[in-house]
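For reference, the chains in residue letters:
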Amino acid sequence: MTNATQLEASFLERAKAMVPKLKERAKETEELGKLPQETIEELKESGLFTLLRPKRYGGHQTNIQTYSDCVVELSKGCASTGWIMALCGIRELMVAESFSEKAHDEIFGSNPEEVLFAGVYEPRQCKAQKVEGGYMVEEGFWMFCSGSRHATWGYFGMPITNDQGELVDQVLMTLPFDHMEIQDDWYVMGLKGSGSNSVKMQNVFVPDHRAVSFSEALNGNFESEHLRDIPLYNTALFPALILSLGLPALGLAKAAHESVIEFLPKRKAAHIGVEYLKDAPSMHLQLSDAAMKIDSAEMHFKRVAEDLDKWAASGEYMDRQARVRTLADIGHANELCREAFDIVMLSSGSGYVYEGHPLQRLFRDFWTLHSHRSLSPSITKENYGRVLVGLESNALRY
């Protein structure tokens, strides 16, 4: 094993070591509506938040596969923690490859160890105009800003229209998070500890060097000239973002499956010819079916991570058809996780309806992230099918 692979393996071990603590803090995390400060500090100290940050800015500059493995592992302990690790972590990559050295020097120039990103690329409302030297955001409103209550820098999308009100482009901007107003509105069914509050912005100036074209970034035309010789920062931006949204689902499905097996030896059976559920053929079939679906989902997620890393290392930017296929892989993996979750919940019996049951939080967290439209199996697979027959994808962004 090389020094590089040893380092990557060590990060996974650090993630695994955190899982028992995350399980202990799960209730507290939900009640806080954000990650406990202890969890934030442990993620920082372990280096997990900065797996995808350039080394020159205090990061570890690993790869998508290492990042993916760590997100899945953390999500087994606490999905809110896995979700924050996934989204804050992937924005390290997106900010690194999207922006210029001047922007990076501003972000990481002092106290880089305190830098944590949060953001949303699609606003619910945004009125902005081009002004001398940058953009003036008169008002903006972004929902579901995961990690907002811990972030120091933001990463947001801003639509740009012409005089006729037609969309010309979407700009990605980065700015200090204290320019944002965090709304107290994260009262939800699941992922309660993710702190995915809405944020507002009013009369904020964003200089040109901290605003880049989203469409250019989607196609690999990045402003980060100083990082062009580092393969990681040639990673396809949008597939990497959508992968980050899907990975916690795999951790949740694994955790649910393991939970049922853990308590199975003590579970009495009724009306099925055996004394204990562990001896029931129906239970064997259900657990096997769920395990195979989880394994299949993991294979699709791994293919995405491996493809992203391979394309990045090749020096070529991932082509459009490959990007559409990765999104279909992610959507299909999400569907397999849901099927596995359904089987596990049915096999567990109705005890999970009681508050405090270990499966209930997993169930609520899973369905909260599963419904994310970017992970939709029907949408992502339909677009892949269109490309397979020679048509253009219906997706506006990929």
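One structure accompanies this document, and this report is about it.

Parameters and conventions
- Residues numbered from 1 in each chain as written.
- Predicted model: local features only at pLDDT ≥ 70, side-chain atom pairs only at ≥ 80, totals over all residues.
- Heavy atoms only, no water.
- Helix = DSSP H or I, 4+ residues; strand = E, 2+ residues; numbered from the N terminus.
- Rg over C-alpha atoms; globule rule 2.2 N^0.38 Å.
- Contact = heavy atoms within 4.5 Å.
- Areas by Shrake-Rupley, 256 points an atom, 1.4 Å probe, with all protein chains shown as cover.
- Axes fitted to C-alpha atoms, helices over the stretch in contact; angles between N-to-C directions.
- Parallel < 35°, antiparallel > 145°, perpendicular 65-115°, else oblique.
- Nonpolar A, V, L, I, M, F, W, Y, C, P; charged D, E, K, R; others polar.
- 1 Å grid on protein atoms, 1.4 Å probe; cavity = no way out; pocket = protein on both sides within 12 Å on 5 of 7 lines; lining within 4 Å.
- Points joined across faces, edges and corners; volume = space filled by probe spheres on them.
- Buried < 20%, exposed > 50% of the residue type's maximum accessible area, 1.4 Å probe, protein only.
- Pairing = 2+ DSSP bridges.
- Phe/Tyr/Trp six-rings, centres within 6.5 Å; stacked < 30°, edge-to-face > 60°.
- Lys NZ or Arg CZ within 6 Å of the ring centre and 35° of its normal.
- Core = buried A, V, L, I, M, F, W, Y, C linked by side-chain atoms within 4.5 Å.
- Polar contact = N/O pair within 3.5 Å; in protein donor to acceptor, adjacent residues only side chain to side chain.
- Expected span 1.5 Å × (residues − 1).

## Re the overall build of the chain
Then comes step 1: Looking only at helices and strands, one finds 12 helices and eight strands in the chain.
Then comes step 2: Here the C-alpha radius of gyration of the chain, 22 Å, is about what a compact globule of 398 residues would show, namely 21 Å.
Then comes step 3: Along the longest, intermediate and shortest principal axes, the C-alpha atoms of the chain span 80 × 50 × 50 Å.
Then comes step 4: Look at the contacts in the chain between residues 6 or more apart in sequence, and 72% of them connect residues 24 or more apart.
Then comes step 5: Total accessible area on the chain stands at roughly 17600 Å², and carbon and sulfur atoms take up 51% of it.

## Some details on the packing of helix α4 (residues 64-77) against helix α5 (residues 79-98)
Then comes step 1: Taken N-terminus to C-terminus, the directions of α4 and α5 make an angle of 160°; their axes are 6 Å apart at the nearest point. Taken together, the axis directions place α4 and α5 in an arrangement best described as roughly antiparallel. Here α4 contributes Ile64, Tyr67, Cys70, Val71, Leu74, Ser75 and Gly77 to the contact with α5, which in turn contributes Ala79, Gly82, Trp83, Met85, Ala86, Gly89, Ile90 and Leu93.
Then comes step 2: Here the residues of the contact of α4 with α5 sort into 11 nonpolar, four polar and no charged.

## Things to note about the layout of surface pockets
Then comes step 1: Here the largest pocket is characterised by a volume of approximately 980 Å³.
Then comes step 2: Together, 36 residues line the largest pocket, and Tyr121, Leu245, His372, Arg373 and Ser374 are the ones closest to its centre.
Then comes step 3: At the level of secondary structure, the elements contributing two or more residues to the lining of the largest pocket comprise α5, β3 (134-145), α8 (237-263), α10 (320-348), α11 (358-370) and α12 (377-388).
Then comes step 4: The dominant element in the lining of the largest pocket, judged by the number of residues it contributes, is α8, at four residues.
Then comes step 5: Along the lines of polarity and charge, the residues of the lining of the largest pocket split into 20 nonpolar, 11 polar and five charged.
Then comes step 6: Its boundaries defined by the atoms lining it, the second largest pocket holds a volume of some 610 Å³.
Then comes step 7: Of all the secondary-structure elements, those providing two or more residues to the lining of the second largest pocket are α1 (3-24), α2 (26-32), α4, α8 and α11.
Then comes step 8: The residue inventory of the lining of the second largest pocket, partitioned by class, reads six nonpolar, five polar and 12 charged.

## Thoughts on unusual backbone geometry
Then comes step 1: A positive phi angle, near 60°, is found at phenylalanine 144, a position not held by glycine.
Then comes step 2: Position of phenylalanine 144 among the secondary structure elements: in strand β3.
Then comes step 3: Take phenylalanine 144: its relative accessible area is 47%, and that puts it in the partly exposed class.
Then comes step 4: Its identity as a non-glycine residue notwithstanding, leucine 191 has a phi of 50°, on the positive side.
Then comes step 5: Assignment of secondary structure puts leucine 191 in the loop between β6 (181-182) and β7 (197-207).

## Notes on empty space enclosed by the protein
Then comes step 1: A complete count under the given rule lists one cavity of 30 Å³ or more for this structure.
Then comes step 2: Computed from the structure, the largest cavity encloses a volume of approximately 40 Å³.
Then comes step 3: Every residue lining the largest cavity is listed: Ala26, Thr29, Glu30, Cys78, Ser80, Leu191, Lys192, Gly193, Arg361 and Asp365.
Then comes step 4: Elements that contribute at least two residues to the lining of the largest cavity include exactly α2 and α11.
Then comes step 5: A per-element tally of the lining of the largest cavity places α2 first, with three residues.
Then comes step 6: For the lining of the largest cavity, the residue count by class is three nonpolar, three polar and four charged.

## A few points about the pairing of strand β4 (residues 153-161)
Then comes step 1: Within β4, seven of the nine residues are buried, leaving the element largely enclosed by the surrounding structure.
Then comes step 2: By the bridge criterion, two bridges tie strand β1 (residues 117-118) to β4 in an arrangement that is parallel. Of the residues in β4, the one forming a bridge with phenylalanine 117 is tryptophan 153.
Then comes step 3: The sheet contact formed by β4 and strand β5 (residues 167-176) spans nine bridges and is antiparallel. Across the sheet, threonine 161 pairs through a bridge with leucine 167, a residue of β5.
Then comes step 4: Count of turn residues in the β4/β5 antiparallel hairpin: five residues, of which glycine 165 carries a positive phi of about 80°.

## Describing the packing of aromatic side chains
Then comes step 1: Inspection of the entire model under this criterion finds 12 aromatic pairs.
Then comes step 2: For the cation-ring pair, lysine 130 lies above tyrosine 135, with the distance from its terminal atom to the ring centre recorded as 5.1 Å.

## Here we look at the environment of glutamine 6
Then comes step 1: By the element assignment, glutamine 6 lies in helix α1.
Then comes step 2: For the pair glutamine 6 and tyrosine 352, spaced 346 residues apart in the sequence, the C-alpha separation amounts to 40 Å.

## Quick word on the nonpolar core
In summary, soluble globular proteins display a tendency toward joint burial of nonpolar side chains.
Then comes step 1: If you look at the biggest cluster of nonpolar residues, it comprises 101 residues, and the most contacted ones within it are Leu48, Tyr67, Met85, Leu237, Phe238 and Leu243.
Then comes step 2: Looking at this core, the element that brings in the most residues is α8, giving 15 residues.
Then comes step 3: Of all hydrophobic cores here, the second largest spans 21 residues; its members include Val137, Ala151, Phe156 and Met158.

## Structural notes on the environment of glutamate 106
Then comes step 1: Counting through the fold element by element, glutamate 106 comes out in helix α6 (residues 101-108).
Then comes step 2: According to the relative accessible area criterion, glutamate 106 is partly exposed, its value standing at 37%.
Then comes step 3: C-alpha separation for the pair glutamate 106 and glycine 133, spaced 27 residues apart in sequence, amounts to 16 Å.
Then comes step 4: Discounting chain neighbours no more than four positions away, the residues touching glutamate 106 are Trp153, His209 and Arg210.
Then comes step 5: Here histidine 209 takes part through its side chain, which lies 2.8 Å from a polar atom of the side chain of glutamate 106.

## With respect to α4
Then comes step 1: Across its 14 residues, α4 extends 21 Å between first and last C-alpha, which sits within 8% of the 20 Å expected from 1.5 Å per residue.
Then comes step 2: In terms of burial, α4 is largely enclosed, as 13 of its 14 residues are buried.

Shape descriptors only; they carry no functional weight alone.
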